[in-house]
Amino acid sequence: MITFFIALTILVVGYFVYGSFVERIFKPSDKPTPAIANPDGVDYVPISTAKAFLIQLLNIAGLGPIFGAISGAMWGPSVYIWIVVGTLFAGAVHDFLSGMISVRNDGASISEVTGKYLGSVMHNVMSIFSVVLLVLIGVVFMVGPAGLLARLTPQYLDVKIWTIIILCYYFLATLLPIDKIIGKIYPIFGLLFILMAFGIIISTIIHSAERPMMEFTFKNLYPGNIDGTGVKPIWPLMFITVACGAISGFHATQSPIISRCIKSEKEGRRIFYGAMVVEGIIALIWASAAIAFFWNKDGSTSGLSALKSIGGGNSNSVYDMCVALLGKFGGPIALLGVIVCPITSGDTAFRSARMTIFDRFNLDEKNLKIRICATIPILLIGYGISFIDYNFVWRYTSWSNQTLAMIVLWAGAVYLATNYENKNCCWIAAVPATFMSAVSITYLIYAPECFNLGEKGAFGLTISYVAGIIFAIVCLSIFLLTAYRNPKASLKKQSGILIGRK
């Protein structure tokens with residue numbers, strides 16, 4: 001329990017200390033934001049700071065800090081390090097920069113932002129990559145809650161029926177102006193989501209006598225066979241599995257939604273950096289609760305085998321935890337929070353996909369017919385993907401998520417290096433970008449759904465490590481050569497050059 005409270009304290013203090021440091025480097029200005037300068041009544045709508053924070057939190061939270069954190073718990077308390085360090089120095093920086101750079105570029109989608117700072121080739125790659133990722137995430141956040149709802153309702157309301165019902169809601173949320181549905185219900189759901197997480201951790205603490213919370217250890221506790229085989233390496237698997245609870249490229253696709261709504265750049269740290277820290281806290285809660293709950297679930301010293309046998313983080317493990325920890329009445333209430341959270345990320349995933357397409361092809365978001373024509377095909381594609389095995393989609397989503405985060409961090413590093421007199425400020429993005437480059441490629445080489453060198457044993461793992469390190473060094477070298485090669489090059493003024501909507 002001591003480890004949990006230390007980790008929690010570091011996250012809270014880190015928000016004020018390192019978050020303020022990042023804010024001072026970025027230097028928020030008094031220049032009118034897109035919502036004030038160019039309101040359109042659809043996507044560009046001014047909203048309050050509190051409402052923007054809660055919408056941003058629900059936009060980015062989804063199932064990641066719950067399912068991902070519970071799955072990460074299979075490696076044991078070592079997951080705490082990644083959640084805390086990843087949140088403060090990578091995830092929150094990533095979210096802050098993606099949101100604030102979008103503000104400086106008239107609320108542009110992340111594909112437009114990366115295209116501006118990483119070149120036309122990356123612009124085209126990101127336009128496709130981000131839309132594909134958003135649709136995949138929309139599917140994950142459609143099937144996941146549908147599975148939970150099916151367990152709480154009569155048998156005739158099965159997963160397929162709930163999937164269609166959720167899809168109909170997604171159609172309205174993707175199509176209508178942001179203040180018609182999202183702006184009205186998200187703040188309420190955001191508070192429910194936060195209260196549900198704290199209910200889980202309070203109950204875990206109360207039941208600590210029979211299910212104690214484990215203290216920190218670097219030991220890999222992933223359940224394997226008696227002879228030690230079957231244990232999965234912490235690097236890179238845990239760093240991909242725990243995505244949204246530490247860093248997530250999906251967040252960069254969501255931040256432009258709020259960058260088109262905030263009323264002042266000085267709200268950025270509270271909204272973008274702050275929402276990610278809260279998500280890190282939620283991931284810490286679920287990981288800690290899962291380790292305590294499943295380690296001694298059957299009253300033996302079976303370790304985390306019970307969590308592995310149930311499939312890690314999914315609707316079954318969440319259901320078991322909620323009902324056991326919060327009782328007959330508290331369980332369903334907590335489950336509703338888990339259901340609401342992914343639904344309120346799935347709708348904005350599809351909305352962001354629509355916004356990305358509109359930005360790429362310079363379409364008029366005010367035209368309802370065009371919005372309908374763009375929305376329907378996206379949702380139909382998502383519905384078709386929903387029939388593919390959930391775990392298969394989740395694995396590809398996780399890797400795509402972290403790869404997108406890597407790209408966005410490099411774009412942020414380039415922005416800082418080319419828009420500020422002191423180029424060294426770029427390191428707040430360049431360091432985590434280098435790290436995530438190694439994570440992404442190591443996983444790509446090792447994982448079974450990718451090149452699958454993991455089946456080659458120690459040799460395959462070594463090759464994966466070397467490939468990841470080499471790729472990270474190459475990316476960093478390219479960045480240094482471009483960012484520092486001409487120190488006398490003219491810098492763009494800190495106020496920013498807007499990509500005006502055409």
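Look up: the structure comes first, before these words.
The structure reproduced in this document is the subject of the present report. Note on numbering: residues in each chain are counted from 1, in written sequence order. Side-chain atom pairs in this predicted model are given and counted only at pLDDT of 80 or more, local residue features only at pLDDT of at least 70, and totals for whole chains, interfaces and linings cover all residues. With hydrogens and water set aside, each side-chain value is computed from the structure's full complement of heavy atoms.

1. Topic: the overall build of the chain
Defined as follows: Going along the chain from the N terminus, every DSSP run of H or I of four or more residues is numbered as a helix, and every run of E of two or more is numbered as a strand. Two things to know: the radius of gyration comes from C-alpha atoms, and the globule rule equals 2.2 Å times the number of residues to the power 0.38. In this scheme, a residue with accessible area under 20% of its type's maximum is buried, one over 50% is exposed, and one in between is partly exposed, where area comes from a 1.4 Å probe on protein chains only. Contact definition: two residues touch when any of their heavy atoms are within 4.5 Å. Note on areas: Shrake-Rupley with a 1.4 Å probe; residue coverage comes only from the protein chains shown. Only four residue types enter the charge count: Lys and Arg as positive, Asp and Glu as negative, with His and the chain ends excluded. To locate a charge, the coordinates of NZ of Lys, CZ of Arg, CG of Asp or CD of Glu are taken.
When helices and strands are tallied, the chain shows 18 helices and 0 strands. What you see for the chain is a C-alpha radius of gyration of 22 Å, in line with the 23 Å of a compact globule of 502 residues. Here the C-alpha coordinates of the chain stretch approximately 65 × 50 × 40 Å along the principal axes. Out of the 502 residues belonging to the chain, those deemed buried represent 60%. Contacts in the chain between residues at least 24 apart in sequence constitute 84% of all its contacts with a sequence separation of at least 6. Roughly 19,200 Å² of accessible area belongs to the chain as shown, and the carbon and sulfur atoms make up 69% of that amount. Charge-centre separation for the chain: the mean point of 36 positive side chains lies 6 Å from the mean point of 25 negative side chains.

2. As for the environment of Ile-166
Mapped onto the elements of the fold, Ile-166 is located in helix α8 (residues 159-175). Discounting chain neighbours no more than four positions away, the residues touching Ile-166 are Met-142, Pro-145, Ala-146, Leu-149 and Ile-343.

3. Overview of the environment of Thr-482
The following threshold applies: The term polar contact refers here to a pair of N or O atoms within 3.5 Å; inside protein, the definition further demands a hydrogen-donor-capable atom paired with an acceptor-capable atom, and it admits residues adjacent in sequence only when both atoms are side-chain atoms.
Structurally, Thr-482 is set in helix α18 (residues 458-484). Judged by relative accessible area, which is 44%, Thr-482 ranks as partly exposed. Considered as a pair, Thr-482 and Thr-418 are 64 residues apart in the sequence and their alpha carbons are 9.8 Å apart. There is a polar contact of 3.0 Å between the side chain of Thr-482 and the backbone oxygen of Ile-478. Within the local environment of Thr-482, its side chain forms a polar contact with the backbone oxygen of Phe-479, the two atoms lying 2.9 Å apart.

4. Some details on the packing of helix α11 (residues 249-259) against helix α12 (residues 268-295)
Our working rule: For helices, the fitted axis covers only the stretch in contact; all axes are lines through C-alpha atoms, and the angles between them, taken along N-to-C directions, range from 0 to 180 degrees. Between 65 and 115 degrees an angle is taken as roughly perpendicular, under 35 as roughly parallel, over 145 as roughly antiparallel, and anywhere else as oblique. Handedness of a crossing is defined here by the sense of rotation of the near helix relative to the far one, left-handed for an anticlockwise turn of less than a right angle and right-handed for a clockwise turn.
Running from N to C, α11 and α12 cross one another at 135 degrees; their axes reach a closest spacing of 11 Å. The orientation of α11 with respect to α12, classified from their angle, is oblique. Taken as a pair, α11 and α12 cross one another with a handedness that is right-handed. From α11, His-251, Ser-255, Ile-258 and Ser-259 reach across to α12, where they touch Ile-271, Phe-272, Met-276 and Glu-279.

5. Overview of helix α10 (residues 234-241)
For α10, a buried count of 7 out of 8 residues is recorded, marking the element as mostly surrounded by other parts of the structure. Of all the positions in α10, only Ile-234, Pro-236, Leu-237, Met-238, Phe-239, Ile-240 and Thr-241 are classed as buried.

6. Things to note about the side chain of Thr-434
Locating Thr-434 in the fold gives a position in helix α17 (residues 427-446). Contacts of Thr-434, omitting those with residues within four sequence positions, involve Trp-410, Ala-472 and Leu-476.

7. A few points about the nonpolar core
Quick note on the threshold: Among buried residues, those of type Ala, Val, Leu, Ile, Met, Phe, Trp, Tyr and Cys that are joined through side-chain atoms within 4.5 Å constitute a nonpolar core.
With 155 residues, the main nonpolar core has Tyr-273, Trp-286 and Leu-416 as its most contacted residues. In terms of residue count, α12 provides more of this core than any other element does, 18 residues in total. Leave out the neighbours within four places in its chain, and Tyr-273 touches Gly-14, Tyr-15, Tyr-18, Gly-19, Val-22, Leu-88, Ala-92, Val-93, Phe-96 and Gly-268.

8. Here's the deal with helix α3 (residues 49-61)
Our working rule: Between the first and last residue of a helix there are one fewer steps than residues, each counted as 1.5 Å, and that sum is the expected span.
Between the first and last C-alpha of α3 there are 18 Å, a value that for 13 residues agrees with the 18 Å anticipated at 1.5 Å per step. Residues of α3 that are buried include every one of Ala-52, Leu-54, Ile-55, Gln-56, Leu-57, Leu-58, Asn-59, Ile-60 and Ala-61, and no others. Among the residues trailing α3, Gly-62 stands out with phi positive, at a value near 55 degrees.

9. Concerning unusual backbone geometry
Residue Trp-235 is joined to Pro-236 through a cis peptide bond whose omega torsion reads 5 degrees. Phi at Asn-452 takes a positive value of approximately 60 degrees, unusual for a residue other than glycine.

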